[in-house]
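Structural overview for review
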Amino acid sequence: MLETLRLDGRVAVVTGASRGLGRAMALALAEAGADVALAGRSKPDLEETAHRVERLGRRALVVTTDVRILAEVEELMGRAVTGLGRLDILVNNSGVAHVGPFAEGPPEEWTRMLETNLTGVLNGCRAAAPHFLAAKRGKVINVASMLAAVGLPHYAVYSATKGGIVAFTRTLAVEWARHNIQVNAIAPGWFVTDMNAHAFADEKLRERFLRDIPMRRTGREEEIGPLAVYLASPASDFMTGQTIYLDGGHSAA
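Let me begin by describing the structure that accompanies this report. (Residues numbered from 1 in each chain as written. Predicted model: local features only at pLDDT ≥ 70, side-chain atom pairs only at ≥ 80, totals over all residues. Heavy atoms only, no water.)

All right, on to the nonpolar core then. Core analysis: the biggest nonpolar cluster contains 32 residues, and Leu7, Val14, Met25, Leu29, Leu38, Val91 and Ile186 have the highest contact counts within it. Taken together, the elements giving at least two residues each to this core come down to strand E1 (11-15), helix H1 (20-31), strand E2 (35-40), helix H2 (43-55), strand E4 (89-92), strand E5 (138-143) and helix H8 (225-232). Here this core takes 8 residues from H1, the largest share from any one element. Once you skip the residues sitting within four places of it in the chain, Leu38 turns out to touch Val14, Ala17, Ala26, Leu46, Thr49, Ala50, Ala60, Leu61, Val62 and Val63. The next biggest cluster of nonpolar side chains, apart from the first, holds 25 residues, and it includes Val67, Leu76, Leu90 and Phe132. (Core = buried A, V, L, I, M, F, W, Y, C linked by side-chain atoms within 4.5 Å. Buried < 20%, exposed > 50% of the residue type's maximum accessible area, 1.4 Å probe, protein only. Helix = DSSP H or I, 4+ residues; strand = E, 2+ residues; numbered from the N terminus. Contact = heavy atoms within 4.5 Å.)

Written as C-alpha cells, this is what we have:
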C-alpha cells in the first residue's frame, strides 16, 4: 500500500514555493521521491527551499515566476521539462491576501488578488495542459481556502478568488478525466504563515479565530504535506474534482 504513495521518478512544479505551505508541500513531495521545480518571485527564498529539497536527495530547479503572466508560467513548465526531464504534478499554490472592509477596498488590490490567486491557477493549468494531455496523465493540486465555504468579514474578494478555484477545479476535473488527469484542491484553514502572522500576533484576533475551529488550534505546516503527497500519487487515481478541507473542522462546524 505504501508504495502507491511513492513519487520516485516523477517531477513536480510547485508555485509559491518560497515559504510557508508551498515550501512544506514541495519538501513533502521531494521526501516522497519527486524532483521539484520551485516557482515564486523571491529567488533567495526559493533557493533556500531548493537547498532543503537537495538535502533530501532530490533535484531542485529554481524558476522565478510571476504567475499572473501566462508567458512566464509557460516558460516555467518548459524549463521543468527541459531541466528535470518531464512533468507529472502541478501544485498551484501562489496566493496573496488583502484584508479590510469591502466598501473601502482599493480596486487595485481586488485586481492583484484576482490575478494572483485565480488567474494564476488558470495560467498554471493552461501552461501544463500540453504536457499533461500529450502524456495522457497528470496530477493537479490547486490550493483554495476554507474561506471558499465559510464567510468571514473583511475577506470578501479573497474568498471570491478561492471559491472560484473550487469551481474551476471541479469543472476542469470533469473535462480532463478522460485524459487520465486528476484535478483536486486542498482548502487549508488557519495555518500561521508569513501572510497572516501579524493577525495571529494580536491576541484578541487569535482568540477569535481559534474559537471558530473545533480543534481549537491552528494547523502545522508539516500537516499539509502528506495530503499533497496523496493527491500527487497513484493512491488518488480514482479521485478527481474534489476539494479537501484541511481546517481542524472549521468548515464543518
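Before going further, it helps to spend a moment on the packing of H1 against H2. Viewed as axis vectors pointing N to C, H1 and H2 meet at an angle of 25°, and their least axial separation amounts to 9 Å. Comparing their axes, H2 and H1 come out roughly parallel. Where H1 crosses over H2, the handedness of that crossing is right-handed. Residues Arg23, Ala26, Leu27 and Ala30 of H1 touch H2, and the partners they reach there are Asp45, Glu48, Thr49, Arg52 and Val53. (Axes fitted to C-alpha atoms, helices over the stretch in contact; angles between N-to-C directions. Parallel < 35°, antiparallel > 145°, perpendicular 65-115°, else oblique. Left-handed = near helix turned anticlockwise from the far one by under 90°.)

Take H1 next. Taking 1.5 Å as the rise per residue, H1 with 12 residues should run 16 Å; its terminal C-alpha atoms sit 17 Å apart, in good agreement. Of all the positions in H1, only Gly20, Leu21, Gly22, Arg23, Ala24, Met25, Ala26, Leu27, Ala28, Leu29 and Ala30 are classed as buried. Directly beyond the C-terminal end of H1, a positive phi value near 120° is found at Gly33. (Expected span 1.5 Å × (residues − 1).)

We now examine the environment of Val67. Mapped onto the secondary structure, Val67 falls in the loop between strand E3 (60-64) and helix H3 (70-84). Note on Val67: relative accessible area 7%, which makes it buried. Distance from Val67 to Gly16, taken between C-alpha atoms, is 9.0 Å for residues 51 residues apart in sequence. Once you skip the residues sitting within four places of it in the chain, Val67 turns out to touch Thr15, Val73, Ser94, Thr116, Thr119, Gly120 and Asn123.

Another point: the side chain of Asp88. As for its position among the elements, Asp88 is in the loop between H3 and E4. A distance of 2.7 Å separates polar atoms of two side chains, one belonging to Asp88 and the other to Arg137. (Polar contact = N/O pair within 3.5 Å; in protein donor to acceptor, adjacent residues only side chain to side chain.)

Attention now goes to the sheet that holds E5. The parallel open sheet is built from 7 strands, whose spatial order is E3-E2-E1-E4-E5-E6-E7. With partners counted over all chains shown, the strands left at the sheet margins are E3 and strand E7 (243-246), one partner each. Taken over all neighbouring pairs, the strand axes of this sheet differ in orientation by 15° on average, direction set aside. As judged from the 4 bridges shared by strand E6 (residues 181-188) and E7, these two strands associate in the parallel manner. Paired with Pro188 across the two strands is Leu246, which belongs to E7. The strands that H2 touches are E2 and E3; relative to E3, the one it contacts most, it runs at about 170°. Set on the sheet, H8 makes contact with E4, E5, E6 and E7; between it and E5 the angle comes to about 145°. (Pairing = 2+ DSSP bridges.)

Counted residue by residue, E2 has 6 buried out of 6 residues, so it is predominantly covered. Where burial is concerned, the two faces of E2 agree: the one with Asp35, Ala37 and Ala39 and the one with Val36, Leu38 and Gly40 are both buried. Judged from the 5 bridges that link them, E1 and E2 form a sheet pairing that is parallel. The residue of E2 that forms the bridge with Val14 is Leu38. The parallel pair E1 and E2 is bridged by H1, and the resulting crossover is right-handed. Pairing of E2 with E3, which is carried by 5 bridges, proceeds in the parallel orientation. Residue pairing for E3: Ala39 is matched across the bridge by Val63. One crossover worth recording links E2 to the parallel E3 by way of H2, and it is right-handed. (Right-handed = clockwise from strand over helix to strand, strands pointing away.)

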